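Results of the structural survey
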Amino acid sequence: MTKPAGDCASRQRLRPAIRAAAASATAVAMVMLTGSSPCAVVAQAQGGVPPLPPHVPVLPFFVIGAVGPFVARDEVPFQLRATAAFSRAWFNLVPIYSDDLTIRTADGDVVPLGDRAPAAQRNDEQLALAAAGSMLAIANHLYGAAAEESVAQAVAAVLGIDLPLSKACAADAPPAQAACHGHVVSRRVISNRLAVDGFNEAGTDGDRTFNPTPFADVVTGYKPVNSPDRIKQFTRWVPLVEDIAGRGTYTSQRITAPQASLAMPALLPASDLESRAAAVPAPYATKLKPKHIANGCPSAGSPYGTAPASGWPSDMDSPRKATLRLLCDESREVLSQSAALNDTRRALARWFDSKLFSLGPLVQDAAVAGNLTLPQLIVFEHVSNGALYDAMLLIWRAKLTADAIRPTSVMVPLLGADTVVTADGGPTSPGPTSLPLSQWAPFLRTMPHSEYPSASACLCKVGAEVFGQYVGGVNATVPVTREFPAGFSGGGVPAKDLTVTFGTPADIGAACSASRLWGGVHFRPAIGAGEAACEGLAAAAAAKVACVAGGAGAGLLPPCDE
């Protein structure tokens with residue numbers, strides 16, 4: 001199955017570099033997105049992500065990086081759905097390629113010895129081949145045959161390994177055919193999870209027979225109160241008008257995947273997620289209509305209870321006054337955070353904006369810190385991706401309930417379009433700049449869903465806590481260093497290469513959450529609410545996985561919680 005790759009003449013010379021960089025999602029993403037020579041890219045370690053320990057086969061982690069750009073094209077719920085499916089298939093392969101009889105599948109099924117690989121093939125090399133094949137099968141299902149072929153070509157070019165494609169693998173390929181058996185296992189994940197998880201992947205839910213509408217929401221009945229051109233309630237979500245491609249085609253946002261709020265969890269009971277979502281407090285004391293904000297904000301820094309310069313509008317009771325004051329104070333804080341943007345904050349905001357390429361590679365830091373084996377790393381991935389997916393489900397439920405307005409939708413009506421503010425001037429004028437508020441824009445894209453609670457803050461908390469689970473706790477001193485090349489953030493920023501080191505997992509989570517404030521897409525209460533909703537979720541997910549992980553989870557996961 002292994003052969004020299006024809007377009008990498010210096011393969012032997014590059015072996016150390018490949019070992020150092022091939023497992024980096026950033027490096028492989030550069031290959032896939034820019035069309036650069038794979039060997040040219042992997043010759044440089046990307047992003048400061050540490051190489052895997054020498055005893056860990058690089059193949060499955062290289063495939064993660066190669067699939068990453070396809071995953072990254074989707075919105076967050078679909079990204080997390082994909083990564084949870086990938087890691088579930090990996091996890092289900094561990095008992096097949098192991099002698100450990102205590103390891104079960106993700107669903108708790110025992111794999112008899114007769115259904116496992118032959119004894120001579122129960123090793124990490126065969127497990128790696130099977131894991132790689134499993135990802136090709138799911139990539140084909142989610143992104144099409146061309147994506148699967150592109151990933152396989154990258155593997156062949158860089159690692160010299162020819163992986164069989166879906167069309168070449170029989171439905172009953174045995175464990176002895178590791179790569180094809182990975183396809184077999186993934187097909188079960190596809191049929192038992194992705195096809196029935198509540199996302200309406202086929203577009204036929206709701207008794208639809210003709211002209212399927214894949215991923216359409218047919219279960220929540222959500223409809224926005226506001227439209228892009230008419231705001232009826234200034235505490236409720238407003239669809240923005242975007243030109244995502246930058247080609248002059250402007251479209252109105254729709255909430256991304258409302259049905260995710262009711263989808264099948266990966267690890268935790270649905271009732272646990274519902275309880276967490278129900279415990280999230282409401283973002284505002286009451287609703288505000290246009291007449292309630294017509295006179296604008298009280299002056300900045302004025303005592304609490306001070307009226308706007310032209311007085312309180314009619315019908316302003318205490319809850320409405322408190323809500324107006326909160327929106328005004330938080331809007332000014334958004335501008336203050338914008339004005340304080342520097343190269344480091346821009347780089348981190350851009351980096352953390354993709355949880356796939358920021359939180360995802362922490363598996364490699366855990367591998368180095370704990371000298372983990374491939375089965376142990378697969379358990380890490382299953383815990384991490386499953387917990388992040390379940391966290392997204394609960395936050396989506398809370399978001400639909402809160403239906404909260406985004407900063408960019410409320411700031412101009414509150415503070416005035418022509419008001420001159422000091423804030424970041426954007427790509428053409430980075431740094432504190434005086435500009436009309438109507439011309440200000442957040443550093444990051446404002447995502448198409450409710451502002452509160454912050455999904456990112458929740459995911460940041462979960463990602464940091466999973467990492468902490470493997471390195472001695474969230475406050476353990478485990479330095480994590482990342483490198484950002486000049487221009488990483490866009491617009492020539494940073495001006496020179498930048499290196500950032502986090503001292504603890506908690507530091508990673510805190511910076512990740514704060515980056516949403518730096519990027520101008522959240523108010524402060526949404527950050528705290530997102531973190532609180534998901535605190536401890538990682539430990540709960542790890543305790544569920546501990547029940548089936550056998551020796552691969554021993555000493556790393558908390559006690560089993562059936």
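Residue indices follow the written sequence of each chain, beginning from 1 at its first position. Residue-level local features of this predicted model are given only where pLDDT is at least 70; pairs of side-chain atoms are given and counted only at 80 or more, and the full residue set underlies all totals for whole chains, interfaces and linings. To get the side-chain values, take all heavy atoms of the structure and skip hydrogens and water.

Bringing the packing of aromatic side chains into the picture now. When the centres of two rings from Phe, Tyr and Trp lie within 6.5 Å, Trp using its six-membered ring, the rings pair. Their planes under 30 degrees apart give stacked, over 60 give edge-to-face, and anything left gives tilted. The tally for this structure, following the rule as stated, stands at 11 aromatic pairs. Here the aromatic residues Trp 351, Phe 352, Phe 484, Phe 488 and Phe 502 are joined through ring pairs into a cluster of three or more. A cation over an aromatic ring shows up here: Arg 350 above the ring of Phe 443, its NZ or CZ 4.4 Å from the ring centre. By definition here, charges over rings are those cases where NZ of Lys or CZ of Arg is within 6 Å of the ring centre and within 35 degrees of the ring normal. In this arrangement the basic side chain of Lys 399 is found over the ring face of Trp 396, its NZ or CZ atom lying 6.0 Å from the centre.

Now for unusual backbone geometry. A cis geometry characterises the amide bond from Tyr 452 onward to Pro 453, with omega recorded as -15 degrees. Assignment of secondary structure puts Pro 453 in the loop between strand E4 (432-436) and helix H17 (455-471). Positive phi is not limited to glycine here, since Asn 200 has a value of about 60 degrees. Among the structural elements, Asn 200 can be located in the loop between helix H8 (178-194) and strand E1 (241-242). Strands are runs of DSSP state E lasting at least 2 residues, helices are runs of H or I lasting at least 4, and numbering of each runs from the N terminus.

In a helix, the anticipated span is given by 1.5 Å times the number of residues less one. With 20 residues, helix H6 (residues 124-143) should reach 28 Å at 1.5 Å per residue; the first-to-last C-alpha distance of 28 Å fits that figure. Of all 20 residues in H6, 14 are buried, a share of seventy percent or more. Residue Asn 123 occupies the N-cap position of H6, its side-chain oxygen lying 3.2 Å from the main-chain nitrogen of Glu 125. Positive phi appears at Gly 144, one or two residues downstream of H6, with a value of about 100 degrees. For the exposure calls, accessible area comes from a 1.4 Å probe over protein chains only, and a residue counts as buried if that area is under 20% of its type's maximum, exposed if over 50%, partly exposed in between. Here a polar contact means two N or O atoms within 3.5 Å. Within protein one must be a hydrogen donor candidate and the other an acceptor candidate, and residues neighboring in sequence count only if both atoms are side-chain atoms.

In this section: the state of the cysteines. To count as a disulfide, a pair of cysteine sulfur atoms needs to be within 2.5 Å. Evaluation of the coordinates by the stated rule reveals 5 disulfides. Paired by a disulfide, Cys 169 and Cys 180 hold their sulfur atoms 2.1 Å apart. Handedness of the Cys 169-Cys 180 disulfide follows from its S-S torsion of about -75 degrees: it is left-handed. Pair noted here: Cys 169 is in the loop between helix H7 (145-159) and H8 and Cys 180 is in helix H8, with a separation of 11 residues, a long-range link. With respect to burial, Cys 169 and Cys 180 carry one shared label: buried. With its sulfur 2.0 Å from that of its partner, Cys 458 forms a disulfide with Cys 534.

Moving on, we get to the pattern of salt bridges. When the charged atoms of two side chains with opposite charge come close together, those side chains can pair. Think of a salt bridge as a Lys or Arg side-chain nitrogen and an Asp or Glu carboxyl oxygen that are within 4 Å of each other. With the rule as written, the count across this model stands at 19 salt bridges. Its salt-bridge partner being Glu 274, residue Arg 397 comes within 3.8 Å of it at the nearest N-O pair. One end of the pair, Arg 397, is in helix H15 (residues 374-402); the other, Glu 274, is in helix H9 (residues 270-278), with 123 residues separating them in the sequence. Between Arg 482 and Asp 365 there is a salt bridge whose closest N-O contact spans 2.5 Å. Pair noted here: Arg 482 is in strand E5 (residues 480-484) and Asp 365 is in helix H14 (residues 362-370), with a separation of 117 residues, a long-range link.

Before going further, it helps to spend a moment on the environment of Pro 175. Looking at the secondary structure, you find Pro 175 in the loop between H7 and H8. Along the sequence, Pro 175 and Asn 475 sit 300 residues apart, while their C-alpha atoms lie 41 Å from each other. Once you skip the residues sitting within four places of it in the chain, Pro 175 turns out to touch Ile 96, Tyr 97, Asp 115, Arg 116, Ala 117 and His 181. Throughout, a contact is declared for two residues whenever any of their heavy atoms are within 4.5 Å.

Further remarks concern the nonpolar core. We define the nonpolar core as a collection of buried residues of types Ala, Val, Leu, Ile, Met, Phe, Trp, Tyr and Cys that are connected through side-chain atoms lying within 4.5 Å of one another. Grouped together as the largest cluster of nonpolar side chains are 159 residues, with contacts concentrated most on Leu 59, Val 63, Leu 163, Val 379, Tyr 389, Leu 414 and Val 462. Element by element, the count of residues in this core is highest for H15, at 17 residues.

We now examine H17. Relative to the 24 Å expected for 17 residues at 1.5 Å per residue, H17 spans 24 Å between its end C-alpha atoms, a close match to the ideal helical length. For H17, the buried fraction is high: 15 of the 17 residues fall into the buried class. Its side-chain oxygen placed 3.4 Å from the backbone nitrogen of Ser 456, Ser 454 serves as the N-cap of H17. Two residues or fewer after H17 comes Gly 472, characterised by a positive phi angle close to 100 degrees.

We now examine a nonpolar patch on the surface. On the surface, a cluster of nonpolar side chains totalling about 250 Å² of accessible area is made up of Val 218, Val 219 and Leu 262. If you trace the backbone, Leu 262 turns up in the loop between strand E2 (251-252) and H9. Residues form patches when they are more than 30% accessible in relative terms and have no salt bridge. Like charges link within 9 Å. Nonpolar side chains (Val, Leu, Ile, Met, Phe, Trp, Tyr) link within 5 Å. Surface exposure here means Shrake-Rupley accessible area, sampled with a 1.4 Å probe, where a residue is shielded only by the protein chains that are shown.

Here we take up the side chain of His 181. With respect to the helices and strands, His 181 occurs in helix H8. His 181 sits in the buried class, given a relative accessible area of 6%. In this structure the side chain of His 181 is engaged in a polar contact, spanning 2.8 Å, whose partner is the backbone oxygen of Ala 173.

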